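# Results of the structural survey
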Amino acid sequence: MARIVGIDLGTTNSLVAYMADGRPCVISGRNERAMVPSVVAMTDNGLIVGDAAKEHLTRSPERTVYSVKRFMGKSLEDVQGELAYFPYHLTEQGGVIRIKLGEKTYSPPQISAMILKELKQRAEAHLGESITKAVITVPAYFNDSQRQATKDAGMIAGLEVLRIINEPTAASLAYGLQQKTQGTIAVYDLGGGTFDISILKLKNGIFEVLATNGDTHLGGDDLDRQLADLFLKDIRERYGLDLSAYPDHMQAVRLEAERAKVRLSDVMKTTATLDLPDGKGRYERDLTRDQLESLTMNLVERTLGPCRLALKDAGLTPNEIDEVVLVGGSTRMPLVRQRVQDLFGKVPHCELNPDEVVALGAAVQADILSGGTTDMLLLDVTPLSLGIETMGGVMSSVIRRNTTIPAGAKEMFTTYVDGQTGVDIHILQGERELAKDNRSLARFRLKVPPLPAGVPRIEVTFLIDANGILNVLAKDMRTGQSQSIEVKPSYGLSDSEVERMIEDSFKFAVDDVSARKLIEARLDAGALITTTEKSLLEGSHLIASDDIAATRTALAVLTAAKDGTDPRAIRARMADLEQAAKLLTVALLNDSLTKGLQGKKVSEVT
């Protein structure tokens, strides 16, 4: 089988790795540097990538693109809050961001493809063979459109992307943590420009993302900036020089700040040196690790907040974390390692190069796919979306197609009718909006106590194992009662049938979405009619007869419109009824509060 490489397509740096003699190895370039800066620059001689492009960051920032990963799969509206951070010009075309370089504009996948092409060429030069297949990593929080944009970038670069896997999962693979039967893993990733924390649950070979958090504008670059600002201030005071007027020297200051930070991870003291402009000679300054830690302590502490939030979202305490994995070059800093250890109460994994650990894990995954490693878990993808039927015959997807498996996902549902004593769980497979157009896999019924509609909380969990076996569990969160079933979602489907189902989803997309919108509008209208009728029974005496008449009129109009075929018209009549019934709703609320307060006073007196 053709060789498959693993690629870490990072915000700041990217790497490519492969399996050699049973061990993952990163591929270095001619300069012996494994990392390729994720930077693309437009020069008079054309586009350049990597280290050469990075040198243009201060010379011509408006023609140098960095952090393009932030824009993958997003529209201009999605990134409005981030535009201030980037000097290059962004526009939008057809809902897709375009980046202006010279006279041309490029999409984020096109820019990412240039970085991927550089990695592809590096791998081909090192291995002496053509590389056409790859596994690429993405952050755990990437949504479907961001993942698809990453696949598109691979295709533009001439790579067939066999798998998109989560970066924290890749880091766990690099350490072989999937060989454990179960456990909870925290992956702390402090990259060059971003910080991510992911809490993973490993059970029977399945990596499930329990929670993610982070800061998209906090990373190693910010730590470097603290030192660089110290140098610039010192140079101003000692030499009367403002280096901001010298772009090349500003770049040199940033690079020396980064080098000093790296050296202080291994030694307690170092000397920073810089050549000054205008014949001012050479700047030197001694620095200690204590000084660096004092400068960066606030930034390191900032990373712990998202860690605590992720733990809270996952419903876990630090003591319940079994393994902690460090990712990203800045986790080499002793201060970072110490604070992470203090928070989680255990020594984090840092045996592997933190810059390389994600790429190494991608290489492990690539080797599994190529059949090179047979004693490890084979991660695959689910060919079609899996979900359940909800009220009105609509399909609600729980696990999307092309999701890497093993995988798990949860959704919360409720009842639609007052006093309902059971909930039918109808499991579906397919890409169409309506249940009737998808493949029925299984059905079961969960008993629930009779309560008002919308009160019961039913958690439905989908878990797919490495063999494509789907286990669906429905649990009443109030009573703890649960019911489950096991099905094989791909059983009996040929590749051509899967392709036909996907093609149909595109072919009938417009009709399906229209049908779904109509069903949802009718359901929402029905719920509003029921609520309003109940309110009229309970509160007619609380407001003027004219307001009651207006509410009844709007109710009758909506009741007549509910069975129509235009969802927008139904929604418009719903808005009319909500407006007409506003006084009734407020009066009922005030009456309820008054009775509640009176009841409290009576009980206090008693």
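As a reminder, the structure under discussion sits directly above these lines.
A quick note: this is a predicted structure, and the numbers were derived from the prediction, not measured.

Bringing the overall build of the protein into the picture now. Counting secondary structure elements, the protein contains 14 helices and 28 strands. With the C-alpha coordinates of the protein rotated into their principal frame, the extents come out at 90 × 60 × 55 Å. Burial statistics for the protein: of 606 residues in total, 49% are counted as buried. Surface summary for the protein: the accessible area is close to 29,000 Å², and the carbon and sulfur share equals 49%.

Throughout the structure, instances matching the rule amount to three cavities of 30 Å³ or more. Taken as a whole, the largest cavity encloses approximately 70 Å³ of empty space. Pro-139, Ala-140, Tyr-141, Glu-167, Pro-168, Val-187, Asp-189, Asp-196, Ile-197, Ser-198 and Thr-212 are the residues that line the largest cavity. Broken down by secondary-structure element, the contributors of at least two residues to the lining of the largest cavity are helix H4 (167-174), strand S13 (182-190) and strand S14 (195-203). In terms of residue count, the dominant contributor to the lining of the largest cavity is S14 (three residues). Tallied by class, the residues present in the lining of the largest cavity amount to six nonpolar, two polar and three charged. Considered as a void within the structure, the second largest cavity measures approximately 50 Å³ in volume.

Counted by the stated rule, this structure contains zero disulfides. The closest cysteine sulfur to the non-disulfide-bonded Cys-25 is located on Cys-350, 20 Å from its own sulfur.

What follows is about the sheet that holds strand S24 (residues 422-429). With antiparallel pairing, the four strands of this open sheet are ordered in space as S21-S20-S24-S25. Since the sheet does not close on itself, it has two edges, and those belong to strand S21 (394-399) and strand S25 (439-447), each with one partner. Neighbour-to-neighbour, the strand axes of the sheet open up by a mean angle of 30 degrees, direction not taken into account. Note: strand S20 (residues 386-390) against S21, five bridges, orientation antiparallel. Among the inter-strand pairings, Ile-388 is bridged to a residue of S21, identified as Ser-396.

Throughout the structure, instances matching the rule amount to five aromatic pairs. Judged by centre distance (6.5 Å) and plane angle (75 degrees), the ring pair of Tyr-239 and Tyr-283 falls under edge-to-face. With a gap of 44 residues between them, Tyr-239 in helix H5 (residues 220-239) and Tyr-283 in strand S17 (residues 282-288) connect regions that are remote in the sequence. Assessed through its relative accessible area of 22%, Tyr-239 is described here as partly exposed. Three or more aromatic residues joined by ring pairs form one cluster here, namely Tyr-66, Phe-71 and Tyr-88.

On to the sheet that holds strand S26 (residues 458-464), then. The strand order across the open sheet built from four strands is S23-S26-S27-S28, with neighbouring strands paired in antiparallel fashion. One side of each edge strand has no neighbouring strand; the edge strands of this open sheet are strand S23 (407-413) and strand S28 (482-487). Sheet twist, expressed as the mean angle between neighbouring strand axes with direction ignored, is 15 degrees. Across seven bridges, the pairing between S23 and S26 is antiparallel. What sits directly across from Phe-413, in S26, is Ile-458.

Attention now goes to the nonpolar core. Ranked by size, the top nonpolar core spans 44 residues in total, and within it Tyr-188, Ile-197, Ile-199, Phe-231, Ile-321 and Phe-344 carry the most contacts. The contacts of Ile-199, once residues within four sequence positions are left out, are Thr-184, Ile-185, Ala-186, Glu-208, Val-209, Leu-210, Ala-211, Ala-310, Leu-311, Ala-314, Leu-316 and Ile-321. One finds Met-72, Ala-149, Leu-159 and Val-161 within the second-largest nonpolar core, a separate group that totals 42 residues.

What follows covers unusual backbone geometry. The residue Asp-21 is not glycine, and still its phi comes out positive at about 55 degrees. Of note, Asp-278 is a non-glycine position whose phi angle comes to about 55 degrees, a positive value. Here Asp-278 shows up in the loop between strand S16 (269-275) and S17. Residue Asp-278 is classed as exposed on the basis of its relative accessible area of 54%.

Our focus in this paragraph is the environment of Leu-316. You can see Leu-316 is positioned in the loop between helix H7 (289-314) and strand S18 (323-327). For the pair Leu-316 and Pro-37, spaced 279 residues apart in the sequence, the C-alpha separation amounts to 36 Å. Residues in contact with Leu-316, not counting those within four places in the same chain, are Thr-184, Ile-199, Leu-210, Leu-311 and Ile-321.

Once that is clear, we can look at a positive patch on the surface. A surface patch of positive charge is lined by Lys-201, Lys-203, Lys-410 and Lys-475. Locating Lys-201 in the fold gives a position in strand S14.

If you walk through the whole model with that rule in mind, you get 24 salt bridges. For Asp-437, the salt bridge goes to Arg-432, with nearest N and O atoms at 3.5 Å. Residue classification places Arg-432 among the buried residues on the basis of a relative accessible area of 12%. The salt bridge partner of Asp-563 is Lys-562, with a shortest N-O separation of 3.9 Å. Residue Lys-562 is classed as partly exposed on the basis of its relative accessible area of 23%.

Between H7 and helix H8 (residues 334-344), the shortest axis-to-axis distance is 9 Å and the interhelical angle comes to 35 degrees. Where H7 crosses over H8, the two elements pack in a sense that is right-handed. Here Arg-289, Glu-293, Thr-296, Met-297, Val-300, Glu-301, Leu-304, Cys-307, Arg-308 and Leu-311 of H7 lie close against H8, whose contacting residues are Pro-334, Leu-335, Val-336, Arg-339, Leu-343 and Phe-344. Its residues assigned to classes, the contact of H7 with H8 shows 10 nonpolar, one polar and five charged.

Here we come to the pairing of strand S27 (residues 470-476). Only one face of S27 is buried: it carries Leu-470, Val-472, Ala-474 and Asp-476, and the other face, with Asn-471, Leu-473 and Lys-475, is open. Looking at chain direction, S27 and S28 are connected through six bridges and run antiparallel. Bridge pairing in S28 links Leu-470 to Val-487. Between S27 and S28, which follow one another and run antiparallel, lie five residues, and Gly-480 among them has a positive phi close to 85 degrees.

Let us look at H8. When we look at burial in H8, the residues that qualify are Leu-335, Val-336, Arg-339, Val-340, Leu-343 and Phe-344. Relative to the axis of H8, the buried residues are bounded by an arc of 150 degrees and lie together on one face. Contacts from the buried residues of H8 go to S13, S14, H7 and S18. Looking at the residues trailing H8, positive phi occurs at Gly-345, about 70 degrees.

Conventions and cut-offs
Residues numbered from 1 in each chain as written. Predicted model: local features only at pLDDT ≥ 70, side-chain atom pairs only at ≥ 80, totals over all residues. Heavy atoms only, no water. Helix = DSSP H or I, 4+ residues; strand = E, 2+ residues; numbered from the N terminus. Buried < 20%, exposed > 50% of the residue type's maximum accessible area, 1.4 Å probe, protein only. Areas by Shrake-Rupley, 256 points an atom, 1.4 Å probe, with all protein chains shown as cover. 1 Å grid on protein atoms, 1.4 Å probe; cavity = no way out; pocket = protein on both sides within 12 Å on 5 of 7 lines; lining within 4 Å. Points joined across faces, edges and corners; volume = space filled by probe spheres on them. Nonpolar A, V, L, I, M, F, W, Y, C, P; charged D, E, K, R; others polar. Disulfide = S-S within 2.5 Å. Pairing = 2+ DSSP bridges. Axes fitted to C-alpha atoms, helices over the stretch in contact; angles between N-to-C directions. Phe/Tyr/Trp six-rings, centres within 6.5 Å; stacked < 30°, edge-to-face > 60°. Core = buried A, V, L, I, M, F, W, Y, C linked by side-chain atoms within 4.5 Å. Contact = heavy atoms within 4.5 Å. Patch = residues over 30% accessible without salt bridge, like charges linked within 9 Å, V, L, I, M, F, W, Y side chains within 5 Å. Salt bridge = Lys/Arg side-chain N within 4 Å of Asp/Glu carboxyl O. Lys, Arg positive; Asp, Glu negative; His and termini not counted. Charge placed at Lys NZ, Arg CZ, Asp CG, Glu CD. Left-handed = near helix turned anticlockwise from the far one by under 90°. Arc of directions from axis to C-beta.

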